[in-house]
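Structural description and commentary
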Amino acid sequence: MEDIRTRAVHVVNQPPARGSRPLSVPLVQSSAFAFDSASELAEAMAGPDGQYVYSRRGNPTVRALEHTLAGLEGGASAIAFASGMGAISGVLLALLRPGDHVVAQRCLYGGTYASLTDLADRYGIEVTYVSGDEVVEFEAAAGPRTRLLVMETIANPTGQVPDLPGLLAAARRRNVISAVDNSLASPVLCRPIELGADIVLHSTTKYLAGHSDVLGGAAVFADDGLRQEIWPRTVELGSTPDPFAAWLTLRGIPTLPLRMREHCANADVLAGRLAAHPAVTAIHWPWLPAHPSYAVARKVLSGGGGLLSFELAGGREAGRAFVEGVRLARLALSLGGVETLVTHPASTSHRELGAAALAAAGIGAGLVRMSVGIEDPEDLWRDVEQALSGVVLG
Ligand SMILES: *Cc1c(COP(=O)(O)O)cnc(C)c1O
């Protein structure tokens, strides 16, 4: 197969015919499609791969995105969604029934955790959380009703990388469907299907689209049978992307490998310098030898990624002062865009948690999360240094 950089540029191009044709993917901004005969229209209603009827069921621009994502992840097929949570909820709701059991990694994206908690509270689905570091934990948790294993390639904000090869193989032995949220690694740094995953989930809002201007999500399937099973449920759910959102996402993808290289290189520079700074007591980035996931990260990732977090000695006050003190980086909740963003989880995304719960989630009161962009690393470091100079050392 061609290199991911080549695929990122060319996989969308499936020229249908000869002669003059657009070089880019056309934006088909239409909700419905017209037919010449009633029987042709009826035939088109058969499944996910027929002619286009109505854009909640399928649209040429959205299908080009699905084809591209399947190509990048090395999957058989994909379904695009209106957001990452649309993809996650869609897959969970489509696959699970009352009485089913799910094993999930403890350090999950907050929205995924909320979705699983809701399924447990309201739909009679049992969820067991494991660290993701040990296969024996999964073996102990799994039983005859276990249907699904849910993990993330790189957890946020701790940078934990679970033992994907071990856990995916264990799930396969037990006929448990595995789903891996690959949003933080992107298919450039890791392709979970190559490691044995059945489903790869994405918030394409993040690195895939990459420009902080569009929401989107996707599920990529190792085997098309799962897409055939899930697709009718997602049509009912209606979490289909608008064609323009799919088009914007496609617009970002050819530069994904270049962007990921810069995100990783910049994070490497900042992580090294932050680790040596007196205001910083700990740094979490899986590409640092001191990180607990370092060994597995070197095995399953081809770079450390663009998300890092660090603990300030000055605690909560220092964390707040830092995110308000940056000038080039912006204070915003998302990640994966070209611009550097910072957040202080203890006062925002995790503000409901008390000190004990924060500690259990691996989040200190002075933790700052940084989504490192593709700016010049020296400009970024100057900004980080001046913001650090304004925080109390604790
Ligand atoms: C942002 C994110 C999501 C949710 O995606 P949305 O596009 O915001 O719905 C899911 N998983 C991870 C790892 C994320 O970072």
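Everything discussed here concerns the structure shown above.
The paragraphs below set out a description of the structure included in this document.

Cut-offs used in this document
Residues numbered from 1 in each chain as written. Predicted model: local features only at pLDDT ≥ 70, side-chain atom pairs only at ≥ 80, totals over all residues. Heavy atoms only, no water. Near = heavy atom within 4 Å. Polar contact = N/O pair within 3.5 Å; in protein donor to acceptor, adjacent residues only side chain to side chain. Areas by Shrake-Rupley, 256 points an atom, 1.4 Å probe, with all protein chains shown as cover. Helix = DSSP H or I, 4+ residues; strand = E, 2+ residues; numbered from the N terminus. Nonpolar A, V, L, I, M, F, W, Y, C, P; charged D, E, K, R; others polar. Salt bridge = Lys/Arg side-chain N within 4 Å of Asp/Glu carboxyl O. Buried < 20%, exposed > 50% of the residue type's maximum accessible area, 1.4 Å probe, protein only. Pairing = 2+ DSSP bridges. Axes fitted to C-alpha atoms, helices over the stretch in contact; angles between N-to-C directions. Contact = heavy atoms within 4.5 Å.

With that settled, the discussion passes to the site of the ligand. In the vicinity of the ligand, the contacting residues are Ser83, Gly84, Met85, Ile88, Tyr109, Asp181, Ser183, Leu184, Ser203, Thr205, Lys206 and Gly216. A distance of 2.8 Å separates an oxygen atom of the ligand from a polar atom in the side chain of lysine 206. Alone, the ligand offers 380 Å² of accessible surface; in the complex the protein occludes 92% of this. Here the element with the most residues in the shell around the ligand is helix H4 (residues 84–95); it accounts for three residues. A class-by-class count of the residues in the shell around the ligand yields four nonpolar, six polar and two charged.

Tallied over the full model, the rule gives 14 salt bridges. In this structure, arginine 233 and glutamate 236 form a salt bridge, with 3.3 Å as the shortest nitrogen-oxygen distance. Residue arginine 233 and its partner glutamate 236 are both found in helix H9 (residues 224–237); the two are separated by three residues, about one turn of the helix. Classification of arginine 233 by relative accessible area gives partly exposed; the value is 37%. Judged by relative accessible area, which is 58%, glutamate 236 ranks as exposed. Of the charged contacts, one joins arginine 273 and glutamate 378 as a salt bridge, the two residues approaching to 3.0 Å between their closest N and O atoms. One end of the pair, arginine 273, is in helix H11 (residues 256–275); the other, glutamate 378, is in helix H15 (residues 377–389), with 105 residues separating them in the sequence. Judged by relative accessible area, arginine 273 falls into the partly exposed class, the value being 30%. Accessibility expressed as a relative area gives 35% for glutamate 378, which makes it partly exposed. Each of Asp49, Asp224 and Arg227 takes part in one network of salt bridges that share partners.

Here we come to the sheet that holds strand E7 (residues 217–221). As summarised here, the arrangement of the seven strands in space is E1-E7-E6-E5-E4-E2-E3, forming an open sheet in which the pairing is mixed. A single partner strand is all that each edge strand has here, and the edge strands are strand E1 (77–81) and strand E3 (126–130). In this sheet, neighbouring strand axes are inclined to one another by 20° on average, regardless of whether the strands run parallel or antiparallel. Lying over the sheet, helix H7 (residues 164–173) contacts strand E4 (146–152) and strand E5 (177–181), oriented at roughly 165° with respect to E4.

Let us now look at helix H10 (residues 243–252). The element H10 is largely enclosed, with a buried count of seven among its 10 residues. Taken residue by residue, H10 has Pro243, Ala245, Ala246, Leu248, Thr249, Leu250 and Gly252 as its buried positions. Turning to H10, the residues buried within the fold contact helix H3 (60–73) and H11. Put simply, aspartate 242 is the residue that caps the front of H10, since its side-chain oxygen is 3.0 Å from the backbone nitrogen of phenylalanine 244.

Turning next to the pairing of E7. In terms of residue burial, E7 counts as a mostly covered element, since five of its five residues are buried. Here E7 shows a buried face lined by Gly217, Ala219 and Phe221 and a second buried face lined by Ala218 and Val220. Taken together, the five bridges between E1 and E7 define a ladder with antiparallel strand orientation. By the bridge assignment for E7, isoleucine 79 is matched with alanine 219. Strand direction decides the pairing type here: strand E6 (residues 199–203) and E7, joined by five bridges, are antiparallel.

We now examine the sheet that holds strand E8 (residues 280–284). Consider a sheet: its strands pair through backbone hydrogen bonds, and that pairing is either parallel or antiparallel. Read across the sheet, five strands follow the order E8-E9-E12-E11-E10 without closing on themselves; strand pairing throughout is mixed. The open sheet has two edge strands with one neighbour each: E8 and strand E10 (330–331). Pairing geometry for E8 and strand E9 (residues 307–312), over four bridges, is antiparallel. If you follow alanine 282 over to E9, its bridge partner there is glutamate 311.

The values reported here are purely geometric and, on their own, carry no functional implication.
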